[in-house]
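# Overview (structure and organization)
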Amino acid sequence: MKKTTGTDRSVTRNWRPATQAVRGGTWRSEHGETSEALFLTSGYTYDDARTVADRFAGDAEGMTYSRLQNPTVAMLEERIALMEGAEACRAQASGMAAMTAALLCQLSTGDHIVSAKAAFGSCRWLVDHLCPRFGIETTVIDSADNDAWEAAIRPNTNVFFFETPANPTLDVVDMQHVCDLARAHGITTVVDNAFATSVLQKPLDFGADVIAYSATKLMDGQGRVLAGAVCGSEEWINEVLLPFQRNTGPNLSPFNAWVVHKGLETLELRAMKQSENAVALGEFMEDRVRKAGGTMLHPGLPSHPRHDLAMKQMRATGPIFAFDVGSRSTAFAVLDALALVDISNNIGDARSLMCHPASTTHANMGAEARADMGVTEGLLRINVGLEDIEDLREDLDQAFAAAGL
Ligand SMILES: *Cc1c(COP(=O)(O)O)cnc(C)c1O
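Residues numbered from 1 in each chain as written. Predicted model: local features only at pLDDT ≥ 70, side-chain atom pairs only at ≥ 80, totals over all residues. Heavy atoms only, no water.

- In the nomenclature of an unreviewed UniProt entry, the protein chain corresponds to O-succinylhomoserine sulfhydrylase from the organism Erythrobacter litoralis.
- Taken verbatim from the UniProt record of the protein chain, the Pathway (unreviewed entry) comment is "Amino-acid biosynthesis; L-methionine biosynthesis via de novo pathway; L-homocysteine from O-succinyl-L-homoserine: step 1/1."
- Comment text from UniProt for the protein chain, heading Function (unreviewed entry), reads "Catalyzes the formation of L-homocysteine from O-succinyl-L-homoserine (OSHS) and hydrogen sulfide." (UniProt positions renumbered as here; feature names shortened; annotations may be inferred.)

## Here's the deal with the side chain of Q20
- Tracing the backbone through its elements, the reader meets Q20 in helix α2 (residues 17-23).
- Judged by its relative accessible area of 5%, Q20 falls in the buried class. (Helix = DSSP H or I, 4+ residues; strand = E, 2+ residues; numbered from the N terminus. Buried < 20%, exposed > 50% of the residue type's maximum accessible area, 1.4 Å probe, protein only.)

## Concerning the layout of surface pockets
- Estimated volume of the largest pocket: approximately 1300 Å³.
- In this structure, the largest pocket is lined by 42 residues; those nearest its centre are E61, M63, Q69, A74 and R90.
- Take the lining of the largest pocket: its biggest share by element is seven residues, from helix α4 (residues 71-84).
- For the lining of the largest pocket, the residue count by class is 18 nonpolar, 13 polar and 11 charged.
- Estimates place the volume of the second largest pocket at around 530 Å³.
- Secondary-structure elements contributing two or more residues to the lining of the second largest pocket are α5 (95-104) and α6 (121-133).
- No other element matches the seven residues that α6 contributes to the lining of the second largest pocket. (1 Å grid on protein atoms, 1.4 Å probe; cavity = no way out; pocket = protein on both sides within 12 Å on 5 of 7 lines; lining within 4 Å. Points joined across faces, edges and corners; volume = space filled by probe spheres on them. Nonpolar A, V, L, I, M, F, W, Y, C, P; charged D, E, K, R; others polar.)

## Quick look at the packing of aromatic side chains
- Summed over all chains, the structure comprises five aromatic pairs.
- With a centroid separation of 6.5 Å and an interplanar angle of 25°, the aromatic rings of F255 and W258 are classed as stacked. Placement of the pair is F255 and W258 together in helix α11 (residues 254-265), with a separation of three residues, close to one helical turn.
- Look at W258 and you get partly exposed, because its relative accessible area is 24%. (Phe/Tyr/Trp six-rings, centres within 6.5 Å; stacked < 30°, edge-to-face > 60°.)

## Overview of the pattern of salt bridges
- Scanning the model with the defined rule gives 19 salt bridges in all.
- Notably, a salt bridge pairs E78 with R9, separated by 2.9 Å at the nearest N-O pair. A residue pair is termed long-range when its members are at least 10 positions apart, and E78 in helix α4 and R9 in helix α1 (residues 9-12) qualify at 69 residues.
- A residue is classified by how much of its surface remains accessible, and E78, at 16% relative accessible area, is buried.
- Across the salt bridge formed by E77 and R90, the nearest N and O atoms sit 4.0 Å from each other. Taken together, the positions of E77 in helix α4 and R90 in strand β3 (residues 88-92) put the pair 13 residues apart, joining distant regions of the chain.
- Beyond isolated ion pairs, a larger network of salt bridges with shared partners links E36, R79, K262 and E265. (Salt bridge = Lys/Arg side-chain N within 4 Å of Asp/Glu carboxyl O.)

## So, a negative patch on the surface
- A surface patch of like charges, here negative, comprises E87, E234, E235 and E239.
- Here E239 shows up in helix α10 (residues 234-248).
- For E239, a relative accessible area of 56% puts it in the exposed group. (Patch = residues over 30% accessible without salt bridge, like charges linked within 9 Å, V, L, I, M, F, W, Y side chains within 5 Å. Areas by Shrake-Rupley, 256 points an atom, 1.4 Å probe, with all protein chains shown as cover. Lys, Arg positive; Asp, Glu negative; His and termini not counted. Charge placed at Lys NZ, Arg CZ, Asp CG, Glu CD.)

## A word on the site of the ligand
- In the vicinity of the ligand lie 14 residues, with G95, M96, D192, T216 and K217 positioned nearest.
- Here G95 contributes a backbone N or O atom positioned 2.8 Å from an oxygen atom of the ligand.
- D192 is positioned with one of its side-chain polar atoms (N or O) 2.6 Å from a nitrogen atom of the ligand.
- Within the complex, the protein chains bury 93% of what would otherwise be the 380 Å² of accessible surface of the ligand.
- Counting atoms within 2 Å of the grid points, the majority share of the ligand lands in the second largest pocket.
- For the shell around the ligand, a count of residues per class yields six nonpolar, five polar and three charged. (Near = heavy atom within 4 Å. Polar contact = N/O pair within 3.5 Å; in protein donor to acceptor, adjacent residues only side chain to side chain. Sits in = over half its atoms within 2 Å of the grid points.)

## As for empty space enclosed by the protein
- For the structure shown, the criterion picks out one cavity of 30 Å³ or more.
- Size it by volume and the largest cavity reaches roughly 30 Å³.
- Lining the largest cavity are P17, A18, A21, M83, V199 and E268.
- Residue contributions to the lining of the largest cavity peak at three residues, all from α2.
- When the residues that make up the lining of the largest cavity are grouped by side-chain class, the tally is five nonpolar, no polar and one charged.

## Quick word on the UniProt feature "modified residue: N6-(pyridoxal phosphate)lysine" (unreviewed entry) in the protein chain
- When the UniProt feature table is mapped to this numbering, "modified residue: N6-(pyridoxal phosphate)lysine" (unreviewed entry) covers K217.
- Tracing the backbone through its elements, the reader meets K217 in the loop between β8 (210-214) and β9 (228-232).
- Accessibility expressed as a relative area gives 13% for K217, which makes it buried.

## Considering helix α12 (residues 267-291)
- Helix length check: α12 (25 residues) gives 36 Å between terminal C-alpha atoms against 36 Å at 1.5 Å per residue, within 8%.
- Where α12 bends most, the angle comes to about 35°, and this point is M285.
- At the C-terminal side of α12, G293 shows a positive phi close to 85°. (Expected span 1.5 Å × (residues − 1). Bend = angle between axes of the 7 residues up to and from the residue.)

Okay, structure coming up:
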């Protein structure tokens, strides 16, 4: 492998994010390939016994086994770390592998975690069902209530866990407030940044400790692979995450890492354009939704209770928003009338996709927890893609009319 400028941090740290997104972390083989090489290998061979012994002892750099290192995956990890402004990153097999590793690697029986109640359904399952099975105490709070964070702290609290904007109610967390509070109490803040990505917001700038990703969403952005990542300080990644990850094996496959590389190259363009389309479509729909007695949940619109905060801590508010059309039957009528936008529960895709969270992404959590979290029966969530905004407006216009809105 030939080192390129992409591997020299004294150079790459000074690049702007758009340059890091296309060149950060790139190594080249002796063939001088333009695109990152895809190393589909589980193991490695060595010129002599001493070389492998030194690598296993940690005295020499180099690959030993793809659960521990893989060149294609390592390139992606370096690129994500650069874009995030983090010292280190480790890729994971999926977003949920990332969330599970980020939490379990640092929690033990008797610890306490404070988590945002508005969260992706499986993240809630980790907090509500998995952690308690191992004697980890959990408190779930309204993450948009600054005082609720402090009130939930106990002597054994060691992790704060939240996403912002949150899936699917678009709650916005005051990152500066929550991270400052965590710092003051020696609590580690874990932020699920899947909705925004580093292009739209950098939780590390507000004092967050660990950033966890579903790279399946905006990072891949074209609906192809499952992937995840965890970013943090070199010390935290090496001493806290790696012992867990290397021995439990939630690794990202080199092929999926390669696909995410290609996604990162266009991430900024997509995230900014999709955010712009999402604001335009939200503005177009807001009156219709209001007149039907519903509510619009869109951090990019002034009607959102934390619009100003969202604009302050984000560069743009992202492709996703939600709206309530009153009942499950009306929500289903809107979905069934869509002619262009697909019915799909994925997000971050270049295609516009719409889903009914109560019967899909948040179906498993039960009616009571759903209601508490604001996932109403009439709630629809849309991921706004890269299609022409006029085509999207026309499709929503006719779907609303067909549903009597
Ligand atoms: C999708 C998603 C996840 C889970 O990611 P997978 O890649 O599907 O495992 C976690 N958090 C948020 C906010 C998500 O949107």
